[in-house]
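Topology and contacts: notes
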Amino acid sequence: MAKQQGYKTEVLADFQGGINFRTDQFNLAPNESPDLLNVSVDPRGGVKLRNGVTAINTSAESHNINGLASFFTDGGTSHIIANTGASSSNIKYSTGSNFTTLSGPTARTATSKMYGMTMNNVFYGVSGDVVSFKWDGSSGADLGVTLDGTAGNFPIGQYVTFWNNFAWVGKTREGGTYHNSRVRWSNANDPEKWDANDYVDIGKGEGGDGITGIVPLADRILVFKANSVHAIYGFGSDSFQVVTLTTSIGSTPLSSPVVTPFGVYFWHDRRGVYLYNGEGFTNIFTKLEPAIDNARITFTNPPQLAWFQNRLYLSLDMLQYYKSGTQATTRHVFIFDPSINAWTLSDIDADTIHAHRPPNGQHLLLGACSGSGHTGRVIKLEQSNPTDAYDGSTAAHIDSHFTTTWMSGRNPVERKRWGRPQIVLDAASSLSMQIDVYQDYDKASTNRIINVEVAGRGSTNTWESSSSGSGSLWDSAIWASESASSITDVIRAPSLGNAKSVALKFNGPSQSVDWEVNGIMFTYKPRRTR
């Protein structure tokens, strides 16, 4: 008589692979997810609710914010500079709360986007449509457009940056003529003096391509066009030289390439995010490219990038594919952690995003909202709250979910009897969570539903005690240190039935509380093959 085969185990204790949209789910690594929303993956392995957002301006602007920039001085001034979609009085500044109109500069056109930089304790703003302006923290003024070395001037241009003691402007307008491939630089250490011959036209007339961004990187300044990237090296007008780095990829206009310790990240056409590390180019968006191919990701508005706390933030238009019924295209934010090469997805309403980094002050990741009900708001992301407050005060629940990869017990076609999985779940307080069970590579319908209840504790808990205080329960063991602010439960769920494979979808609780899944142990018994 053949010996009866016992239960085997398969453990998921690492979720740091993040989201992977590839349609062939067999290509997913065990630590990747085909579907997640509003969760973060911990480099140590867990998956948890993302941080919330809150508005900095409780008084909303009448129009959405188009551009965000920062202004800092040696004396400690820290301002957030913005341009709105209003037709007048649309340059604003904030010290971290409501915005105040910046008087003096000419209003930008309603659809323009402002970029800015600080040099010699003065902020310089450009938008490519009207004259550039300056702001010293107390007064603002338009700048002239004379390029003959005299003071008080600054070219009209779409992009601006500071590098190697020079101010730089890209995609200029001079005498009513647009120079889409032109880069200009100021006199050394004097951003308000510009000589007529201090410019270079890069790839002029090549396929109608124009400059789409300029950013400094170590010993060079990078000049992006839609289908090429160039570098300018040198120390002054007599030594600046242009080197073409690639003619096969570039940056989408107004998408804001971002400088990081890893290099420069930028969005290329309809293919995704690339990294230039100083030596070559790498596509880091391959896991998510299917969302472009199937039109979940669209391009009515350009993607936006920002770098904050060692992670890349990407804002773009995306279909709410995860919703039943009506699915609208709204702004979403992807987050990339290069330390674990993982992406996550959130439904945060942020169009323009900007990292505000005051010296010796609190750094903020800011987002200008564009969605319905959030007009004229600028939010702070990564706030330690389990709710979103787009008006600065009203807490809104964050819907979240996470789906595991398919678990097949090392044999994807063998039928198995799945036992009772054990789930390590951390909760800040009482919660109710629904877990959907899928079987046999079919996520069109839920095979069964598991309801998880975690009871809150008002008293001090000790290691490995149960909620009744009489020892570890059969279905729920509790781990906590004394005076812990959260409790880790080991929950034993009902059996998952007979199937070749299973996957679990954790739907975030209806309560607005922090939660985290740290591990799942599946048990299964192979069925006899006939």
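Provided above is the structure to which this section pertains.
The present account deals with the structure reproduced in this document. (Residues numbered from 1 in each chain as written. Predicted model: local features only at pLDDT ≥ 70, side-chain atom pairs only at ≥ 80, totals over all residues. Heavy atoms only, no water.)

1. Thoughts on the pairing of strand 21 (residues 220–225)
In terms of burial, strand 21 is largely enclosed, as six of its six residues are buried. Alternating positions in strand 21 separate into two faces, Arg220, Leu222 and Phe224 on one and Ile221, Val223 and Lys225 on the other, with burial throughout. As paired elements, strand 20 (residues 211–217) and strand 21 share six bridges and run antiparallel to each other. Paired with Val215 across the bridge in strand 21 is Leu222. (Buried < 20%, exposed > 50% of the residue type's maximum accessible area, 1.4 Å probe, protein only. Helix = DSSP H or I, 4+ residues; strand = E, 2+ residues; numbered from the N terminus. Pairing = 2+ DSSP bridges.)

2. Quick notes on the sheet that holds strand 8 (residues 65–72)
In space, the four strands of this open sheet follow the order 8-9-10-11, with antiparallel pairing throughout. The open sheet has two free edges, formed respectively by strand 8 and strand 11 (100–101), since each of these has just one partner strand. For strand 8 and strand 9 (residues 78–84), the ladder comprises seven bridges, and the chain directions are antiparallel. When the bridges of strand 9 are listed, Phe72 appears paired with Ser78.

3. What about the packing of aromatic side chains?
Describing an aromatic ring pair means giving the distance of the ring centres and the angle of the ring planes. Applying the stated rule across the entire model yields 33 aromatic pairs. Ring centres 5.5 Å apart and planes at 45° place the aromatic pair Trp168 and Trp185 in the tilted group. With Trp168 in strand 17 (residues 166–174) and Trp185 in strand 18 (residues 177–185), the pair connects residues that are 17 residues apart, well separated along the chain. Look at Trp168 and you get buried, because its relative accessible area is 0%. Each ring, one from Trp418 and one from Tyr524, has its centre 5.2 Å from the other, and the planes form 45°; the classification is tilted. Note that Trp418 is positioned in strand 39 (residues 416–418) and Tyr524 in strand 47 (residues 515–526), a separation of 106 residues in sequence. On the basis of relative accessibility, which here comes to 1%, the residue Trp418 falls in the buried class. A residue is classified by how much of its surface remains accessible, and Tyr524, at 2% relative accessible area, is buried. Through a chain of ring-to-ring contacts, the aromatic side chains of Phe262, Tyr265, Trp267, Phe285, Phe299, Trp307, Phe334, Phe336 and Trp343 assemble into a single cluster. Over the ring of Tyr321 we find Arg296, and its NZ or CZ is 3.9 Å from the ring centre. (Phe/Tyr/Trp six-rings, centres within 6.5 Å; stacked < 30°, edge-to-face > 60°. Lys NZ or Arg CZ within 6 Å of the ring centre and 35° of its normal.)

4. A word on the nonpolar core
In terms of nonpolar packing, the biggest core is built from 63 residues, with Tyr265, Val273, Leu312, Phe334, Trp343 and Leu425 touching the most fellow members. Looking at this core, the element that brings in the most residues is strand 47, giving five residues. Judged by nonpolar contacts, the second largest core, of 26 residues, contains Val122, Val160, Trp163 and Val223. (Core = buried A, V, L, I, M, F, W, Y, C linked by side-chain atoms within 4.5 Å.)

5. Details of the pattern of salt bridges
Summed over the entire model, instances satisfying the criterion amount to 17 salt bridges. With a closest N to O distance of 2.9 Å, Asp42 and Arg44 form a salt bridge. In this structure Asp42 comes out as buried when scored by relative accessible area, which is 8%. You can call Arg44 exposed: its relative accessible area is 75%. Here Arg182 and Asp201 are joined by a salt bridge, their closest N and O atoms 2.8 Å apart. Here Arg182, found in strand 18, pairs with Asp201, found in strand 19 (residues 199–201); they are 19 residues apart in sequence, far enough to count as distant. Overall, Arg182 belongs to the buried group, its relative accessible area being 7%. Taken together, the shared-partner salt bridges in this structure form one network comprising Glu174, Arg182, Arg184 and Asp201. (Salt bridge = Lys/Arg side-chain N within 4 Å of Asp/Glu carboxyl O.)

6. Some details on empty space enclosed by the protein
Counting across every chain of the model gives two cavities of 30 Å³ or more. Each pocket or cavity is described by its volume, and for the largest cavity that value is around 50 Å³. Of the residues that constitute the lining of the largest cavity, the class distribution is six nonpolar, five polar and one charged. Together, Val41, Arg311, Ile335, Asp337, Ala342, Trp343 and Thr344 line the second largest cavity. (1 Å grid on protein atoms, 1.4 Å probe; cavity = no way out; pocket = protein on both sides within 12 Å on 5 of 7 lines; lining within 4 Å. Points joined across faces, edges and corners; volume = space filled by probe spheres on them. Nonpolar A, V, L, I, M, F, W, Y, C, P; charged D, E, K, R; others polar.)

7. Concerning the layout of surface pockets
Approximately 910 Å³ is the volume attributed to the largest pocket. Surrounding the largest pocket, 33 residues form its lining, Gly116, Val160, Thr161, His354 and Arg357 being those nearest its centre. Those elements giving two or more residues to the lining of the largest pocket turn out to be strand 8, strand 12 (115–119), strand 16 (156–163), strand 20, strand 24 (258–260), strand 29 (304–308) and strand 33 (353–356). By residue class, the composition of the lining of the largest pocket is 21 nonpolar, 10 polar and two charged. Put simply, the second largest pocket is a space of about 710 Å³.

8. Structural notes on the environment of Ala29
Relative to the elements of secondary structure, Ala29 occurs in the loop between strand 2 (18–19) and strand 3 (32–33). For Ala29, a relative accessible area of 28% gives the class partly exposed. Measuring from C-alpha to C-alpha, the distance between Ala29 and Phe15 comes to 9.7 Å, with 14 residues separating the pair along the chain.

9. Topic: the side chain of Thr260
By the element assignment, Thr260 lies in strand 24. Polar side-chain contacts of Thr260 include one of 3.0 Å to the backbone nitrogen of Phe262. Discounting chain neighbours no more than four positions away, the residues touching Thr260 are Tyr265 and Trp307. (Polar contact = N/O pair within 3.5 Å; in protein donor to acceptor, adjacent residues only side chain to side chain. Contact = heavy atoms within 4.5 Å.)

10. Re the pairing of strand 17
Burial within strand 17 is extensive, with seven of its nine residues counted as buried. Direction of pairing for strand 16 relative to strand 17: antiparallel, over a ladder of seven bridges. Along strand 17, the bridge assignment pairs Thr161 with Trp168. Where strand 16 folds back on strand 17, the antiparallel hairpin that results is connected by two residues, among which Asn164 adopts a positive phi of roughly 55°. One ladder, built from six bridges, connects strand 17 with strand 18; its direction is antiparallel. Pairing of Arg173 across the sheet is with Tyr178, part of strand 18. In textbook terms, the turn of a hairpin is the stretch between consecutive antiparallel strands, and for strand 17 and strand 18 this stretch comprises two residues, one of which, Gly175, has a positive phi near 60°.

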